[in-house]
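# Close look at the chain arrangement
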Amino acid sequence: MATLKDVARQAGVSAAAASRILNQDPTLSVTEETRGRVLSAAAALNYKKTGLQPEKKGRPQEERELRVGIAQMFDARELQEDLYYLALKNALDQECFSRRWSTVPLFRDEGGSFTLRNALPLDGLFAIGRFTRREIGSFRRYTDKIVFLDSDPDPMQYYSILPNYHLAVRLALNHFEANGFQKAAYVGSVNTFGDQKELTMDPRFYYYRTGLMNRDRFDPELVLDCPMTARGGYKVMTEFLDRNERPPEAMFVASDSIAPGLMMALRERRLSVPEDTSIITFNNTVLSQFSDPPLTSIEVHMQENVRAAAFSMEMLWQGDVCGKRIVVPCSLVSRDSVQNV
């Protein structure tokens, strides 16, 4: 039986391009001549698409390539300020490609609902981030096989994949304590969008406050509430230094996206890390890895999150209708931003 690689080889294109052409991907820009070569090669080789089709009652499973949608909470501009969600989407694309699933983006229309650019059906949908009830309702126009990453809007109905925020904050506070810091500031949003996109207390702040209260060390003056952006980090750190001259001895930064602005504010005052303040960030993206100095960070194991999401989708295709929450452990990556005192 001919394979996708056989078709690609005969048509003189990559396997990825051949797959997208055969699945009528509307986002792919190729010439009609290239498209024709691929279709002709597939016909000549009697190529048949492969991949597990969702089980349907009363009929056996068939083999074909599956088509899954991907919806994102952030738009293109917002993604530029939060590399984690951009990297998560790219990791999910790669995981789907490795399983021969074709991915299709959904976009918000003028009314705020998510739509497809064409009428081809979806076998399932991955939703990255947090969404309103109305937005979730727009997903269900296309499929009821929905898996959420980084939110849990209805644990009785949907599969959801979440990082272990409790473990993440505990790892950060324990690392500070092991290096001699009794108090650590929180830098980030106190309230963020909850599972249905309503403002609620951010889980990182909740576990930070609870963890320090349990140790009788919580200090409201060390809560630096700011948007999860570089601009927010710069502003809140500048204001703190205007009031106090010195930074907190240690800081748990709730998102890597905050770190560049925070570091800029410190450098402007000729303050350095870790000599003047120690820092642990959350997400462990390139913003922490290639900072100067490289920042100790909480690793959320993005690849494990997308693998769990793909597994959940397969469970839905096999007929599992009971919602489940999968919590993926975090770990701490130690670098040069925490001083041992």
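Further up the page is the structure itself.
Everything numeric in this text was worked out from a predicted model, so none of it was measured. (Residues numbered from 1 in each chain as written. Predicted model: local features only at pLDDT ≥ 70, side-chain atom pairs only at ≥ 80, totals over all residues. Heavy atoms only, no water.)

## Digging into the sheet that holds strand E6 (residues 146–149)
In a beta sheet, neighbouring strands are held together by backbone hydrogen bonds and run either parallel or antiparallel to one another. In spatial order, the strands read E2-E1-E5-E6-E7-E15; together these 6 strands make up an open sheet with parallel pairing. Because the sheet does not close on itself, it has two edges, and the strands there are strand E2 (101–105) and strand E15 (324–328). The average angle at which neighbouring strand axes cross in this sheet is 20 degrees, direction not considered. With 4 bridges joining them, strand E5 (residues 124–128) and E6 adopt parallel strand pairing. Bridge pairing in E6 places Phe-126 opposite Val-147. Docked against the sheet, helix H12 (residues 302–317) engages strand E1 (66–72), E2, E5, E6, strand E7 (159–163) and E15, running at close to 170 degrees with respect to E7. (Pairing = 2+ DSSP bridges. Helix = DSSP H or I, 4+ residues; strand = E, 2+ residues; numbered from the N terminus. Axes fitted to C-alpha atoms, helices over the stretch in contact; angles between N-to-C directions. Contact = heavy atoms within 4.5 Å.)

## So, the nonpolar core
One finds Phe-126 and Phe-139 to be the most contacted residues of the largest nonpolar core, which totals 84 residues. By residue number, the principal contributor to this core is H12, which donates 8 residues. In this structure Phe-126 touches Val-68, Gly-69, Ile-70, Ala-71, Leu-92, Cys-96, Trp-101, Val-147, Leu-149, Ala-309, Ala-310 and Met-313, once residues within four positions along its chain are discounted. Among the nonpolar cores identified, the runner-up in size contains 13 residues, and Ala-8, Ala-17, Val-38 and Ala-41 belong to it. (Core = buried A, V, L, I, M, F, W, Y, C linked by side-chain atoms within 4.5 Å. Buried < 20%, exposed > 50% of the residue type's maximum accessible area, 1.4 Å probe, protein only.)

## Quick look at the packing of helix H9 (residues 230–244) against helix H10 (residues 259–268)
Put simply, H9 and H10 touch, their axes get as near as 6 Å, and they point 35 degrees apart. Between H9 and H10 lies a crossing whose hand is right-handed. In contact with Ala-230, Gly-233, Tyr-234, Met-237, Thr-238 and Leu-241 of H9, H10 contributes Pro-260, Gly-261, Leu-262, Met-264, Ala-265, Leu-266 and Glu-268. Split into classes, the residues belonging to the contact of H9 with H10 amount to 9 nonpolar, 3 polar and 1 charged. (Left-handed = near helix turned anticlockwise from the far one by under 90°. Nonpolar A, V, L, I, M, F, W, Y, C, P; charged D, E, K, R; others polar.)

## A word on the side chain of Thr-143
Relative to the helices and strands, Thr-143 is located in the loop between helix H6 (133–139) and E6. For Thr-143, the side chain forms a polar contact with the main-chain nitrogen of Lys-145, separated by 3.0 Å. Once residues within four sequence positions are removed from consideration, Thr-143 is found in contact with Leu-122, Asp-123, Gly-124 and Leu-125. (Polar contact = N/O pair within 3.5 Å; in protein donor to acceptor, adjacent residues only side chain to side chain.)

## Some thoughts on the sheet that holds strand E12 (residues 250–253)
Spatially, the 6 strands line up as an open sheet ordered E11-E8-E12-E13-E14-E16, and their pairing is mixed. Edge positions in the sheet fall to strand E11 (223–225) and strand E16 (331–333), since each has one partner strand and no second. The mean angle between the axes of side-by-side strands here comes to 20 degrees, regardless of whether they run parallel or antiparallel. Relative to E16, strand E14 (residues 296–299) runs antiparallel, the two sharing 3 bridges. Counted as the bridge partner of Glu-299 is Ser-331 from E16.

## So, the packing of aromatic side chains
With the rule as written, the count across this model stands at 15 aromatic pairs. Summarising the aromatic geometry, the rings of Phe-114 and Phe-131 are spaced 5.7 Å apart at their centres and angled 75 degrees between planes, so their arrangement reads as edge-to-face. Residue Phe-114 is found in strand E4 (residues 114–115), and its partner Phe-131 is found in the loop between E5 and H6; the two are separated by 17 residues along the sequence. You can call Phe-114 buried: its relative accessible area is 2%. Overall, Phe-131 belongs to the buried group, its relative accessible area being 0%. For the pair Tyr-186 and Phe-252, a centre-to-centre distance of 6.4 Å together with 45 degrees between the ring planes defines the contact as tilted. Placement of the pair is Tyr-186 in strand E8 (residues 185–188) and Phe-252 in strand E12, with a sequence separation of 66 residues. Like Phe-252, Tyr-186 is buried. An aromatic cluster is defined as three or more aromatic residues linked by ring pairs; in this entry it consists of Phe-114, Phe-131, Phe-139, Phe-148 and Tyr-158. (Phe/Tyr/Trp six-rings, centres within 6.5 Å; stacked < 30°, edge-to-face > 60°.)

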